[in-house]
Amino acid sequence: MFSFFKKKKIIAHIKLNGVIGNAGKFKQGIDFAGQEEIIEKAFSLKKAKAVAITINSPGGSPVQSHLIYKFIRAQAKKNKIKVIVFAEDVAASGGYLIACAGDEIYANSSSIIGSIGVIYSSFGFTELIKKIGVERRVHTAGKNKSSLDPFQEEKSEDIERLKNIQLDLHKDFIKVVEESRGSKLKKDGIELFSGEFWAGSKSKELGLIDGLGNANEILKEKFGEDVVIKKFEKSKGWLSKKLSSSSNQMDQIANILEERSIWQRYGF
């Protein structure tokens, strides 16, 4: 008889979609500066029972991933509120690092999860410039300033230096995952931190996620059918749209190819 007076439960919902970091000249992917205000507003929602974060990202900048992860955890601690993360198509590499900000992580059975590693990719053009008769001239102050120049032969000391940096970044990534997932991780016979990735169902077995399901069904299951989901999204300003539409066509093509190459690592 008193159900009419029962207050509905409110959940704040943020959606993070795209490559992490800069994704083009005028188009930005997920970055801390672009998401800080939205995240803060979501955590400031009065009487919210939890903050839900849906993420769909193949990764990108390790720095931006860490900044967003740490800010979410700081807001959760400050406001004493639970964070529930939902992976869509992909939560891999930096996308999974951000997902680790959740007290609980859910995914679809077909989602791609993991890729806990660090990658650097480039091209070598030394043979090409020889064929077309181009002479490469480089002048530096600092002997290592031209490290990994794609128009020069690779040097073993440059590769070793890069690998050492990658190992440091990898250690930071592993630390985040282990602190977040703790005893939930199942390491028996499988190297979780090799950069490999898995489907959602296998990820659940490995302890990388807590369960299978989408945001609507899980939130209703946890908070009731009448739960109110308040969405917090960043609107794209008029100037940003104008600049994006008028940018150089070649720049746009290069940006699209760069972004697509990151998604295609995971079959998308």
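Details of the structure are given in the entry above.
The shown structure was predicted, so the numbers you read here are calculated from the model rather than taken from an experiment.

Parameters at a glance
Residues numbered from 1 in each chain as written. Predicted model: local features only at pLDDT ≥ 70, side-chain atom pairs only at ≥ 80, totals over all residues. Heavy atoms only, no water. Helix = DSSP H or I, 4+ residues; strand = E, 2+ residues; numbered from the N terminus. Buried < 20%, exposed > 50% of the residue type's maximum accessible area, 1.4 Å probe, protein only. Areas by Shrake-Rupley, 256 points an atom, 1.4 Å probe, with all protein chains shown as cover. Phe/Tyr/Trp six-rings, centres within 6.5 Å; stacked < 30°, edge-to-face > 60°. Axes fitted to C-alpha atoms, helices over the stretch in contact; angles between N-to-C directions. Parallel < 35°, antiparallel > 145°, perpendicular 65-115°, else oblique. Left-handed = near helix turned anticlockwise from the far one by under 90°. Contact = heavy atoms within 4.5 Å. Nonpolar A, V, L, I, M, F, W, Y, C, P; charged D, E, K, R; others polar. Pairing = 2+ DSSP bridges. Right-handed = clockwise from strand over helix to strand, strands pointing away.

**Q** So, the overall build of the chain: which residues are in play, and what are the values?
**A** Of regular secondary structure, the chain possesses nine helices and eight strands. Burial status across the chain gives 40% buried among its 268 residues. With an accessible surface of roughly 16,300 Å², the chain has 52% of that area assigned to carbon and sulfur atoms.

**Q** So what about the packing of aromatic side chains? Which residues, and what values?
**A** All told, the structure shown has two aromatic pairs when counted by the stated rule. Ring centres of F32 and F71 lie 5.3 Å apart, and the angle between their planes is 80°; this geometry places the pair in the edge-to-face category. Linking F32 in helix α1 (residues 32–43) with F71 in helix α2 (residues 62–79), this pair joins segments that are 39 residues apart in sequence.

**Q** Go over the packing of α1 against α2 with me, naming the residues and quoting the values.
**A** Contact geometry of α1 with α2 gives a least axis separation of 10 Å together with a crossing angle of 15°. Relative to α2, the element α1 lies roughly parallel. Crossing hand, α1 versus α2: right-handed. Here α1 contributes F32, E36, I39, E40 and F43 to the contact with α2, which in turn contributes Q64, L67, I68, F71, I72, Q75, A76 and N79. Tallied by class, residues from the contact of α1 with α2 come to eight nonpolar, three polar and two charged.

**Q** Report on the pairing of strand β2 (residues 48–57), specifying residues and quantitative values.
**A** Among the 10 residues that make up β2, nine are buried, leaving the element largely enclosed by the rest of the structure. Where strand β1 (residues 10–17) and β2 come together, eight bridges link them in parallel fashion. In the strand pairing of β2, H13 is matched with A52. As paired elements, β2 and strand β3 (residues 82–92) share seven bridges and run parallel to each other. Bridge pairing links A50 to K82 in β3. Since β2 and β3 lie parallel, the crossover through α2 that links them has a hand, and here it is right-handed.

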